[in-house]
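A look at the structure
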Amino acid sequence: MDRLLITGIAGGQGRLVARRVADDYQVSGVDRAPWEGHPSQIAVHTMDLRKKKFEDIFRRERPAAVVHLAFVRHFRADPRVRHEINVAGTKRLLECCAQYAVKKLVVLSSSYVYGALPESSYYMDEETALNVSRHYPDVRDLAELDMLCTAFLWKYPEIATTILRPVNTLGHYVHSAIGAYLKMRYVPTVLGFNPMLQFVHEEDVAEAIARTLEAGLRGVFNLAGPGAVPLKVAIRETGGTAVPLPEIAIRGALKRLFRLGLFHLPSAAVDFVKYPCTVDGRRFCRAAGFAPLFTLEEIFSSVRR
Amino acid sequence: MATTIRNRTQRSERGTARGGAARRVRRLPRPAGAAFGPTLTLDGGEPYGSDTPAHSLETLSSVAGGILESLAPRFLRDLNHEIRGRLAASPIELNAYGYDPWGFNPDVARRVLLISALLYRYYFRVQTHGIENLPDGRMLVIGNHAGQIAIDALMIGTATVLEADPPRVLRGMGEYWLPTVPFVNVLMARTGGVVGTPRNCIEILEHEEAVIAFPEGVRGMTKPFRQRYQLQEFGYGFMRLALQTGTPIVPVAVVGSEEQAPSLGNFMPLARLLGMPAFPLVVTPFPYPVRYHISFGEPMDFRGNPNDEDDAIGKKVARVRARIHEMLQAGLRRRRSIFL
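Residues numbered from 1 in each chain as written. Chains lettered and ligands numbered in written order. Predicted model: local features only at pLDDT ≥ 70, side-chain atom pairs only at ≥ 80, totals over all residues.

1. With respect to the overall build of chain B
Counted only if it meets this: Runs of H or I in DSSP of at least four residues are treated as helices and runs of E of at least two as strands, each being numbered from the N terminus. Any residue with 12 or fewer other C-beta atoms within 10 Å of its own C-beta is exposed, any with 20 or more is buried, and the rest are partly exposed; the C-beta atoms used are placed from the backbone. Here, residues touch in the contact sense if the C-beta positions derived from the backbone fall within 7 Å of one another.
Helices and strands together make up the secondary structure of chain B, namely eleven helices and nine strands. Taking all 340 residues of chain B together, 37% fall into the buried category. The contacts of chain B with a sequence gap of at least 6 include a subset with a gap of at least 24, amounting to 74%.

2. Comments concerning the overall build of chain A
For chain A, the count of helices and strands is ten helices and twelve strands. Viewed in the frame of its principal axes, chain A has a C-alpha envelope of about 55 × 40 × 40 Å. For chain A, with 305 residues in total, the buried portion stands at 50%. In chain A, once contacts between residues fewer than 6 apart in sequence are set aside, the share between residues at least 24 apart is 76%.

3. Quick notes on the interface of chain B and chain A
Counted only if it meets this: Amino acids are sorted into nonpolar (Ala, Val, Leu, Ile, Met, Phe, Trp, Tyr, Cys and Pro), charged (Asp, Glu, Lys and Arg) and polar (every other residue, Gly among them).
With 24 residues of chain B at the interface, the matching set in chain A holds 20 residues. Elements supplying a minimum of two residues to the side of chain B that touches chain A: helix 6 (184–190), strand 4 (194–195) and helix 7 (198–206) of chain B. Top element by residues in the side of chain B that touches chain A is helix 7 of chain B. It accounts for three residues. Counted by class, the side of chain B that touches chain A contains 15 nonpolar, seven polar and two charged residues.

4. Topic: the nonpolar core
Put simply, the test is: Think of a nonpolar core as buried Ala, Val, Leu, Ile, Met, Phe, Trp, Tyr and Cys residues chained together by C-beta atoms that fall within 7 Å.
Among the nonpolar cores identified, the biggest contains 158 residues, and Ile209 of chain A together with Leu140, Val141, Met155, Ile156 and Val211 of chain B are the most heavily contacted of them. Among the elements that take part in this core, helix 5 (residues 151–162) of chain B stands out by supplying eight residues, more than any other. If we ignore the near neighbours within four places in the chain, the residues touching Ile156 of chain B are Val141, Gly143, Leu170, Ile212, Val252, Val254 and Ile294 of chain B.

5. A word on the pairing of strand 9 (residues 293–296) of chain B
Residue and element names in this part refer to chain B. As a reminder, the rule being used: Note on pairing: DSSP must find at least two bridges between two strands before they are called paired.
Burial along strand 9 is two-sided: the face carrying His293 and Ser295 and the face carrying Ile294 and Phe296 are both buried. By the bridge criterion, three bridges tie strand 1 (residues 127–129) to strand 9 in an arrangement that is parallel. Residue Thr128 lies in a different strand from strand 9, and its bridge partner there is Ile294.

6. Observations regarding the sheet that holds strand 1 (residues 3–7) of chain A
All names here are of chain A. Where we set the bar: Every axis corresponds to a line fitted to the C-alpha atoms, with the helix fit spanning only the stretch in contact, and the corresponding angles, defined between N-to-C directions, vary from 0 to 180 degrees.
Sheet architecture is open: seven strands sit in the order 3-2-1-4-5-6-10, paired in parallel fashion. Among the strands making up the open sheet, the edge pair consists of strand 3 (43–46) and strand 10 (219–223). The average angle at which neighbouring strand axes cross in this sheet is 15°, direction not considered. Where strand 1 meets strand 4 (residues 65–68), four bridges bridge the pair, whose relative direction is parallel. In the strand pairing of strand 4, Ile6 is matched with Val67.

7. Thoughts on the pairing of strand 11 (residues 227–230) of chain A
All names here are of chain A. Residues of strand 11 alternate between two faces, with Gly227 and Val229 on one and Ala228 and Pro230 on the opposite face, all of them buried. Here strand 9 (residues 196–201) runs beside strand 11; their pairing, made up of four bridges, is antiparallel. Note that in strand 11 the partner of Gln198 across the bridge is Ala228.

8. Examining helix 3 (residues 79–99) of chain A
Residue and element names in this part refer to chain A. Where we set the bar: To estimate the expected span of a helix, subtract one from its residue number and multiply by 1.5 Å.
Spanning 21 residues, helix 3 covers 29 Å between terminal C-alpha atoms, matching the ideal 30 Å at 1.5 Å per step. Taken residue by residue, helix 3 has Arg82, Ile85, Asn86, Gly89, Thr90, Leu93, Leu94 and Cys97 as its buried positions. Buried residues belonging to helix 3 abut strand 1, strand 4, strand 5 (104–108) and helix 4 (140–155). Two residues or fewer past helix 3, Ala101 is found with a positive phi of approximately 50°.

9. Things to note about the packing of helix 3 (residues 74–89) of chain B against helix 4 (residues 106–123) of chain B
Residues and elements named next belong to chain B. The following threshold applies: Angles are sorted into four bins: roughly parallel if under 35 degrees, roughly antiparallel if over 145, roughly perpendicular if 65 to 115, and oblique for all others. Note on convention: the crossing is left-handed when the near helix lies turned anticlockwise from the far helix by less than a right angle, right-handed when the turn is clockwise.
Running from N to C, helix 3 and helix 4 cross one another at 130°; their axes reach a closest spacing of 9 Å. Accordingly, the angle class assigned to the pair helix 3 and helix 4 is oblique. Here the hand of the crossing between helix 3 and helix 4 comes out right-handed. Residues Leu79, Asn80, Ile83, Arg84, Leu87 and Ala88 of helix 3 pack against Pro106, Ala109, Arg110, Leu113, Leu114 and Ala117 of helix 4. Looking at side-chain class alone, the contact of helix 3 with helix 4 contains nine nonpolar, one polar and two charged residues.

10. Regarding the packing of helix 1 (residues 12–21) of chain A against helix 6 (residues 202–215) of chain A
Residue and element names in this part refer to chain A. Two elements in contact, helix 1 and helix 6, have axes separated by 9 Å at closest approach and are oriented at 50°. Relative to helix 6, the element helix 1 is oriented oblique. Once helix 1 is placed against helix 6, the crossing between them reads as right-handed. Contacts between helix 1 and helix 6 involve Gly12, Gln13, Leu16, Val17, Arg20 and Val21 on the former and, on the latter, Glu202, Glu203, Val205, Ala206, Glu207, Ile209, Ala210 and Leu213.

Take a look at the structure:
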């Protein structure tokens, strides 16, 4: 059985992927946080990607495949640390993959890299420019790491590198900003805006990663879920109440709360509940024979309050 | 109470009609677990009931809407019913929540159409010719643009819903700044509009839907009264998209729009100051009740390389422009009065 290394294994998505592929691979994982009660056949190393010892795992275990999930997507930490983990950490991992002859690499990027802009097409394909930093510089590291991996994909044709860009991921285990937002009792929305949002279930993301490994895909793929609904429908279906507020008030409040460290979301994130950031996921469905198992209704009920 | 019963009966009748084989909208089954609370409204409001406070508020507002609607005159209720039926018969795919992939929603579209249908029937008293020329599947409806505000687009869109068989919802291609305008962006999406990027247009055509475009753009819409019924220069973008997607072009000529709000000229300095494409000097506070004549021509098929140089594309565009010009002249000859 081939060895598979999962970075960020203790996170919600990491655990789901580990469980999903545990029968096909000899799985080991790295994470800064420990995974209490992990299955006994999975080896978990509690370690930081940026530490020198990280390379030892590659030397010792010689993984044939790597799934890279070790990203900081929240804003609770120092932005410099965030950038370092996301960009320098990824760079480090890519170097290891090249040096220790890894055959397959799957990176879980995000559809947010395209940005939510008023003039974006509704169903952006994988060739769309990564525009997120135009209005949302706080997450430019997400676009940077995506591009690092894309460059790696072309530089090492012998490694089957795949970059997946899933849409808003919801579910029981994954902690995401959009999940936390939808779980609120009263959900502030931007007055006069109600964009279409796509959702995908966390289990479908794990399934997509497993399929990618199975098929040995190579390329950049959007991962869209079963469909799109307006934001307010999503809020209603997850059991919340939309509270439309003027944009100025929301942005002002977020800016102040963020600066004071009381709320961990930059004001630029508002764009994602103002304009659609919807992607065309057909390329992945064709290449991997993938079809989302979870319907929108099931996705919403998985996070219903 | 009597109204309640009547409303419920109508509701169930519609229910059976909808289930018939003639129904072309592919609607997924409603999500499991959603309660089908009977509501009093004719329009149904939100499709699912629930018992959270927000939902009881919604129920309350839909009850209020139902009472208002039962007070409405009979012709209005009939018109509402007719539009609902026609929208349900249009070949648009909706998801389980009643939205298409671009955010079109028949409930919202119906409300807008109710107003535009009143204008269509009783204010502009539109006469539509050649609606049977609309092909099945994808099409690009290309028309002349005039009258300072885009009532012509609204009337063409209303005609294809009210008169065509099957009814067609025309998808408008909006300017890039429209999505930034509060409320307008939502209304645009719910009634079938999208931002006018080439990719959006291609996707929608490949979905076998109908797109409407005015290649004259603002040049046509804001031209002064003395240039009425003189077609301005056409943009070439629509032809490249038609060639790329193999879409037939349906030429449409609108007679009447030019007289709805005559403009004496264009005050460019003020337009530049306000950041607007034009500032027409209009003397009327509201559009005159001119009579509209809309004629749909036979579909035109074009073959060729969508990336051809402008000269080659221009020749094809000129054929469409000439066709619309002919149809306009014929319409003007046929018209006996501007208002009657």
